[in-house]
Amino acid sequence: NKTDYYYSCLEQEVQSGTSAIWVARFSPDGSYFATSGEDGIVRVWEVGNFKSRPAEQLFDSKPMREYALHTKDVLDLSWCYSNPCLLLSVGLDCRIVLWNLNKPTCPEKIFLLSEPVTSVCFMSDSAEYFATGSCDMIVRLWSLSSQSIVDWQKTSDIITSVKFSPDGENLLVGLYKGCLLYTSPSPRDQRGSRMPSSA
């Protein structure tokens, strides 16, 4: 309903560093939000209840977590749908970092590619798998438990965005020149690769 937003107003402003923010994401359950960008620092805030506390601050002025591992710009973040404490970050330093909010400083896992990673997305119904897109034009499906790539697909251009469908059965891939690649990713099994070529 458009009228729901007619009286929208600024509830609170937060300072997230002094450099450009390239990405901001709420966790799926709305308990947290994270930002990152040019300074490479991933910042996480805990969010209050919008409906029960309309007159109070929804989050502290300082983040609950500041993760300073990336050495260049962070380009994307992805929260885990089934575990809101898990957060992935990727960027120009070619790193894919898994953070656990229960750990104040140390990353849970680190993966490294040879080209900048432009986009990342947890599989919607799983804390086990996630997808990445990068400047080498390859979309990859990763397994956290094995800490490895379980499937991949070469595209025709630099990948700018990856996003799973709500049921986790399909992956939408955005390319630099405006093309979209629609695939049906799944871990390799006894039938072999199930990430087909572009439709």
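Above: the structure in question.
Computed from a predicted structure; not experimentally measured. For every chain, the first residue of the written sequence is number 1, and numbering continues from 1 along that sequence. This being a predicted model, a pLDDT of at least 70 is required before a residue's local features are given, and a value of 80 or more before pairs of side-chain atoms are given or counted; all residues contribute to the totals for chains, interfaces and linings. To obtain the side-chain values, all non-hydrogen atoms of the structure were included, while hydrogens and water were left out.

## Re the sheet that holds strand 3 (residues 42-46)
Through backbone hydrogen bonds, the strands of a sheet pair up, either in parallel or in antiparallel fashion.
Logical step 1: At least two DSSP bridges between two strands are needed for those strands to be called paired. A run of DSSP states H or I qualifies as a helix once it reaches four residues; a run of E qualifies as a strand once it reaches two. Both are numbered from the N-terminal end. Pairing within the open sheet is antiparallel, and its four strands lie in the order 1-2-3-4. A strand with exactly one partner marks an edge of an open sheet, and here the two such strands are strand 1 (21-26) and strand 4 (65-67). Within the sheet, the average angular offset between the axes of one strand and its neighbour, ignoring direction, is 15°.
Logical step 2: Bridging between strand 1 and strand 2 (residues 32-37) involves five bridges; their strand directions are antiparallel. Bridged to Arg25 within strand 2 is Ala34. Orientation is described by axes fitted as lines to C-alpha atoms, over the contacting stretch for helices, and by angles from 0 to 180 degrees between their N-to-C directions.

## Considering the sheet that holds strand 5 (residues 74-79)
Logical step 1: The antiparallel open sheet is built from four strands, whose spatial order is 5-6-7-8. This sheet does not close on itself; its edge strands, each paired only once, are strand 5 and strand 8 (109-112). Shown here is a sheet whose adjacent strand axes are inclined to one another by a mean of 15°, direction ignored.
Logical step 2: Pairing geometry for strand 6 (residues 86-91) and strand 7 (residues 95-100), over five bridges, is antiparallel. Paired with Leu87 across the strands is Trp99, a residue of strand 7.

## Brief notes about the pattern of salt bridges
Logical step 1: What counts as a salt bridge is simple: a side-chain nitrogen of Lys or Arg found within 4 Å of a carboxyl oxygen of Asp or Glu. Here the structure, examined in full by the defined rule, presents five salt bridges.
Logical step 2: A salt bridge links Asp136 to Arg140; the shortest N-O distance between them is 2.7 Å.
Logical step 3: For Arg140, a relative accessible area of 10% corresponds to the buried category.
Logical step 4: Through salt bridges with shared partners, a single network forms among Asp39, Arg43 and Glu66. Classification of residues uses two cut-offs on accessible area relative to the type maximum, computed with a 1.4 Å probe and protein chains only: under 20% is buried, over 50% is exposed, and between them is partly exposed.

## Considering the pairing of strand 13 (residues 159-164)
Consecutive side chains along a regular strand alternate between the two faces of the sheet.
Logical step 1: Pairing analysis gives five bridges linking strand 13 to strand 14 (residues 171-175), with the strands arranged antiparallel. The partner of Lys163 across the bridge, within strand 14, is Leu172.
Logical step 2: Adjacent in sequence and paired antiparallel, strand 13 and strand 14 are bridged by six residues, among which Gly168 carries a positive phi angle near 75°.

## Points about the layout of surface pockets
Logical step 1: Only protein atoms enter the calculation, which uses a 1 Å grid: trapped sets of points that fit a 1.4 Å probe without letting it out are cavities, open sets showing protein on both sides within 12 Å along at least five of seven lines are pockets, and any residue with an atom within 4 Å of a point is a lining residue. Grid points are joined across faces, edges and corners, and a volume is the space filled by probe spheres set on the points. Volume-wise, the largest pocket comes out at about 200 Å³.
Logical step 2: Around the largest pocket, the lining is made up of 14 residues, and of these Arg25, Leu77, Ser78, Tyr81 and Lys163 lie nearest the centre.
Logical step 3: If you list the elements that add at least two residues to the lining of the largest pocket, you get strand 1, strand 5, strand 9 (117-122) and strand 13.
Logical step 4: By residue number, the principal contributor to the lining of the largest pocket is strand 5, which donates four residues.
Logical step 5: Ten residue types, Ala, Val, Leu, Ile, Met, Phe, Trp, Tyr, Cys and Pro, are classed as nonpolar, four, Asp, Glu, Lys and Arg, as charged, and the remainder, Gly among them, as polar. Looking at the lining of the largest pocket, its residues break down into eight nonpolar, three polar and three charged.

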